[in-house]
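If you want the building blocks of each chain, they are given just below.
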Amino acid sequence: MNLLADGVSFAYEPSQPVLTDVRAVIERGGLVGILGPNGSGKTTLLRLLGGLRTPQRGKVTLDGVDLRTLGRAAAARRIAVVPQETQLAFEYTVLEMAVMGRYPHLGSFEIEGPDDLAIARDALRATGTLHLESRFFNTLSGGEKQRVVIAGAIAQFTQGERAADATEVLLLDEPTASLDLAYQLEIRTILRQLNERRNLTVVVSTHDLNLAAGLCRDLILLDRGRVLAAGPAADMLKPALIEQLYGVEVDIAVHERTGRLTVVPVARARTEHRQQP
Amino acid sequence: MSIRRRIAFTWLGFGAGAFVVCLFAPLIGSTSIDFSRVFDTSIPFADNTDAQIFFVARLPRVLAGAMVGAALAAAGVVFQALLRNPLATPFTLGVSAGAALGAMLALTLNLPSGIAGFSAVPIASFAGSLGAVAIVYGLARARRQGLSTNVLLLAGVTLNSFFSALILFVQFLADYTQTFRTVRWLMGDLDVSSYAPLIAAVPPLALSFAAFAVLPRSMNLLSISDESAASRGVDVHRAQRLAFLSASLATGAAVSLGGPVGFIGIVVPHLVRLLVGADHRLVLPASAFGGAAFLVACDTLSRTMLAPLEVPVGVVTAIIGGPFFLWLLIRNR
Amino acid sequence: MAADKKSIVLVVIIALFALCSRAPTAQAPAAPQRIVSLIPAVTEMLFSIGAGPRVIGVGNFDRYPPEAQTRTKVGGLIDPDIERIISLKPDLVAVYATQTDLRTQMERARIPVYLYQHSVDPDAVADITATIRSLSKRVGSERAGEELARHIDDDIASTRRRVAGKPRPKTLLVFGRDAETLRGIYASGAVGFLHGMLDAAGGANVFADVNRQSIQATTELILARAPEVIVEIGIDTASSKSRSLRAWAVLGSVPAVRTHRIYQIRGDEMMNPGPRVARAVRRMAEALHPEAFK
């Protein structure tokens, strides 16, 4: 039971491949980070895993079924993608944003019913934003916005907050990139809770080493469109691998109070592996 | 209130409002008519001036106003969602410029009527609008990944400028009276004086509104971002195509019927959002009804304000719409 | 004898002086020989008074007489070609009074102008002959102009007499509409030369209460005013007469439609306040009062 990218290759323009023969296994219930510098193809891999794009070679399967076969609506009920930033041109309320997550469950002209509303509210509660339900989304702080968007994403799943039998995956693209420190901590806490309490599979793409270290149990290291290494975070966060990936010499240590790995950059690597994009 | 009830109330409330406006509008005019005579079937129609004024002059005009107003307001909503910009109008992407060019050419070349008694101007105008749509769509699709809204906007705005330049050129080549006619056409005119143009406009408008019926939920999602929509199961390319083509078709038909009447496509959706919120399942039907009521009301003003002279309806919508829009902008500071 | 001779010489000398002194002061201005006209009506007038050979430049829309089309075209009301006008080295240019830019340029180039203005008098038709008289004086063909003007005046007066005393039908005078439809109908108001023609032809303008040259006649307005006769002028020759007339059928309660008194008078003399105005008035009168011309 997993979300699997099986030897996928993708390019936006034929002459510029972004991903080459990538294999990524996301086990059900996992908390996985896709780690790499900018331009390594993280966002693209996330999009492929989310079914937002189709790989030119290889396939993406959910619990063994190719996403293309599964169909858009069915996929939308089990895979949700949270973009890095959400900017609205119109004044939707927080509740409206959450309820939009229920659309994959509605027929063509069907209107959401009390069940859908309950699930949407549960989702808001799970991210600690229920008290904001009547507020306009545009008036919220960055951290609040991100939490509401996550709520909207988990509302896509069949029973919302409560666990289901099939693999349900939440994909987040750089979830803390534009947030203040306090909000970063908030998001990490929420994601961990969602993963632990309801067995939600969480995949995060990031270039932030400390987010990867502080949140993820497993990591996939992506280097210029290819998988450099994949495995438990503790095994991936080794100075040699990090230096190869980022071209930076780092010190990795276990932080006393939190018990988590921390990564501190020390100096530019002596041997230059990377070309800056 | 649940969304279901809100949708029902919106349809009923705005629908009733539009109905009432359209009911009263033919009763008002620059001439006073005797209503007992209007509906007196014992008088042969050809002798009954009051009935003729009601059924030939006023009623088709009110219906035209309702159709054009509904089409332009709804198209405005759809374009705003598609381009993710509340300042988009049905005229942003060049459809109206194409229609105007078609009309200009027909007026300047004084083309005789085209088909089965239909005047050349609406036909040429509609053809022009379709041409513009085809060009913009073709340009925006040139990139491999479906309809990019950025390219769409660029293509539309560029086409607008180009067609506007051509229009000026045609006006320059025309002689004085033709130039006056073309300028007058740009100000809008709902005096159709027969039901034939209305009936001719029904097929494209029906098609567009059929699409409008299925779009609102997708529009909610699309108006956030392509990825939000795709992640929730929307076929983004298909939805964008449908939105663009249906809104353009409605705009082309409306402009061919009554000329490019401005401000409806932006004032009415804005006003409606202030009243019902941003959910397109409310905004779209409310705007359609609101647009109909607004234009019919403006047209009633246009033919009574300075009777027996008529103020072109586009001027009236501008006089009302302009200051209202300024007020909206100031209010939002 | 010596005294007589002296007086004769004195007289001769005085006479010579008188002649010589008169010559420079009494020199009359020479008639213009290189005339440019931007106004169709004025061009027609010039040719009608025999000044045609002296016309070297005409406006873009000057089509009558056919000979005028052989002259160099120099633009019109909106876009006079100033360079071309100057290059023709005219000694008189007839311009619209409203063409202020052009007038300034002519002044700078020291080219004399003749100012023309579309009349907005109620008696605009009479202004045509007044213009003929003043124009002919200006170009040195006063006699021909006076003759032409008198001829026109007499002709129009004769038409007026023929229709005098007859009931004036309520007339809608249409000078433009979108081809073969009822959209964009423009009719004459109670001011201007079209109204003047209608009045001379024995018609009563349905818009006699509207003090404008033109009014857009909407469907409701036409139905309400119920004209007894509809006269259409300024028709494009390309449009079909039968289809054009059929367009009016939808206004069934209008007397003009019911009695089939809708007349299309083609020909550009109907729209030009020029020397053919008498003929235009007569054609209109024939349509309004056919029985007076049998």
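Only a predicted model underlies this, so the values are computations on that prediction, with no experimental measurement involved.

Cut-offs and rules
Residues numbered from 1 in each chain as written. Chains lettered and ligands numbered in written order. Predicted model: local features only at pLDDT ≥ 70, side-chain atom pairs only at ≥ 80, totals over all residues. Heavy atoms only, no water. Helix = DSSP H or I, 4+ residues; strand = E, 2+ residues; numbered from the N terminus. Expected span 1.5 Å × (residues − 1). Buried < 20%, exposed > 50% of the residue type's maximum accessible area, 1.4 Å probe, protein only. Contact = heavy atoms within 4.5 Å. pLDDT = per-residue confidence, 0-100. Pairing = 2+ DSSP bridges. Axes fitted to C-alpha atoms, helices over the stretch in contact; angles between N-to-C directions. Buried area = accessible area lost by both parts, 1.4 Å probe. Salt bridge = Lys/Arg side-chain N within 4 Å of Asp/Glu carboxyl O. Polar contact = N/O pair within 3.5 Å; in protein donor to acceptor, adjacent residues only side chain to side chain. Nonpolar A, V, L, I, M, F, W, Y, C, P; charged D, E, K, R; others polar. Core = buried A, V, L, I, M, F, W, Y, C linked by side-chain atoms within 4.5 Å. Patch = residues over 30% accessible without salt bridge, like charges linked within 9 Å, V, L, I, M, F, W, Y side chains within 5 Å. Areas by Shrake-Rupley, 256 points an atom, 1.4 Å probe, with all protein chains shown as cover.

J.: Where do I start with helix α14 (residues 313-331) of chain B in this structure?
T.: The α-helix advances 3.6 residues per turn, and as a result positions three or four apart in sequence lie on the same side. All names here are of chain B. The end-to-end C-alpha separation of α14 is 27 Å, in line with the 27 Å expected for 19 residues at 1.5 Å each. Those residues of α14 lying buried are V313, G314, V316, T317, G321, G322, F324, F325 and L328. Against the buried residues of α14 lie α12 (264-276) and α13 (280-304).

J.: Just checking my understanding: could you explain the confidence of the model for chain B for this structure?
T.: Detailed conclusions should not be drawn from predicted coordinates in areas where pLDDT is low. All names here are of chain B. Chain-level statistics for chain B give a pLDDT mean of 90 and a share of 96% at 70 or above. At the low end of the mean pLDDT range in chain B sits helix α7 (residues 176-186), at 83; at the high end sits α13, at 96. With a pTM of 0.88, the predicted complex shows an ipTM of 0.89.

J.: Before we go on, may I ask you to explain the sheet that holds strand β5 (residues 65-66) of chain A in this structure?
T.: Pairing between the strands of a sheet comes from backbone hydrogen bonds, and it takes one of two forms, parallel or antiparallel. Residue and element names in this part refer to chain A. The 4 strands are arranged β2-β1-β4-β5 in an open sheet whose pairing can be described as antiparallel. What marks the edges here is a single partner per strand, and that holds for β2 (16-27) and β5. Sheet topology note: the strand β1 (residues 2-13)/β2 ladder contains 8 bridges and is antiparallel. Residue pairing across strands places L3 opposite I26, the latter belonging to β2. Here helix α1 (residues 42-49) sits on the sheet and contacts β1, β2 and β4 (57-62); the angle it forms with β1, its principal contact strand, is near 125°.

J.: I would appreciate a short explanation of the interface of chain A and chain B in the present structure.
T.: Interface extent is often summarised as the accessible area lost during association of the parts. Of the residues lining the interface, 33 residues belong to chain A; the matching set on chain B comes to 31 residues. When chain A packs against chain B, close to 2600 Å² is buried across both sides, 55% of that on carbon and sulfur atoms. Counting across the chain A and chain B interface gives 3 salt bridges. B:D235 serves as the salt-bridge partner of A:R72, at 3.3 Å between the closest nitrogen and oxygen. Across the chain A-chain B interface, the total number found is 15 residue pairs in polar contact (both at pLDDT 80 or more). A total of 3 residues in the side of chain A that touches chain B trace back to one element, the largest contributor, which is strand β6 (residues 79-82) of chain A. Of the residues belonging to the side of chain A that touches chain B, the class tally is 19 nonpolar, 8 polar and 6 charged.

J.: Help me out: how do you make sense of the nonpolar core in this one?
T.: Ranked by internal contacts, the top residues of the largest apolar core, which has 82 residues, are B:V78, B:L152, B:W185, B:F212, B:F244 and B:I264. Top element by residues in this core is helix α3 (residues 49-82) of chain B. It accounts for 16 residues. Aside from chain neighbours lying at most four places away, what touches B:W185 is B:A99, B:A100, B:A103, B:M104, B:L107, B:V121, B:S125, B:V255, B:G259 and B:P260. Residues A:A155, A:V202, A:L209 and A:M236 belong to the second largest nonpolar core, which totals 67 residues.

J.: Is there a simple way to think about the environment of B:S32 in this case?
T.: Residues and elements named next belong to chain B. Inspection of the secondary structure puts S32 in the loop between α1 (3-24) and α2 (35-38). The exposure class assigned to S32 is exposed, which follows from its relative accessible area of 70%. In this structure the C-alpha to C-alpha distance between S32 and F172, which are 140 residues apart in sequence, comes to 42 Å.

J.: What should I look at first to understand the pattern of salt bridges in this one?
T.: Close approach of charged atoms allows side chains with opposite charge to pair. All names here are of chain A. Applying the stated criterion across every chain yields a total of 37 salt bridges over all chains. Residue R125 is joined to D122 by a salt bridge in which the shortest nitrogen-to-oxygen separation is 2.7 Å. Taken together, the positions of R125 and D122, both in helix α5 (residues 114-126) and 3 residues apart, correspond to about one turn of that helix. Residue classification places D122 among the buried residues on the basis of a relative accessible area of 16%.

J.: Hey, could you run me through a nonpolar patch on the surface in this one?
T.: A cluster of nonpolar side chains, B:F19, B:V20, B:L23, B:F24, B:L27 and B:I28, forms an exposed patch at the surface whose accessible area comes to about 560 Å². Overall, B:I28 belongs to the partly exposed group, its relative accessible area being 40%.

J.: Is there a simple way to explain the interface of chain C and chain B in this structure?
T.: In this complex, chain C contributes 32 residues to the contact, which on the side of chain B involves 35 residues. Taking both partners together, chain C and chain B bury about 2800 Å²; carbon and sulfur atoms supply 53% of that area. Close ionic contact of B:D189 with C:R183 constitutes a salt bridge, the shortest N to O distance being 4.0 Å. In this assembly, chain C and chain B are joined by 13 residue pairs in polar contact (both at pLDDT 80 or more). Mapped onto the side of chain C that touches chain B, the elements with two or more residues apiece are β9 (214-216) and α8 (219-225) of chain C. A per-element tally of the side of chain C that touches chain B places α8(C) first, with 6 residues. For the side of chain C that touches chain B, the class distribution of residues is 13 nonpolar, 8 polar and 11 charged.

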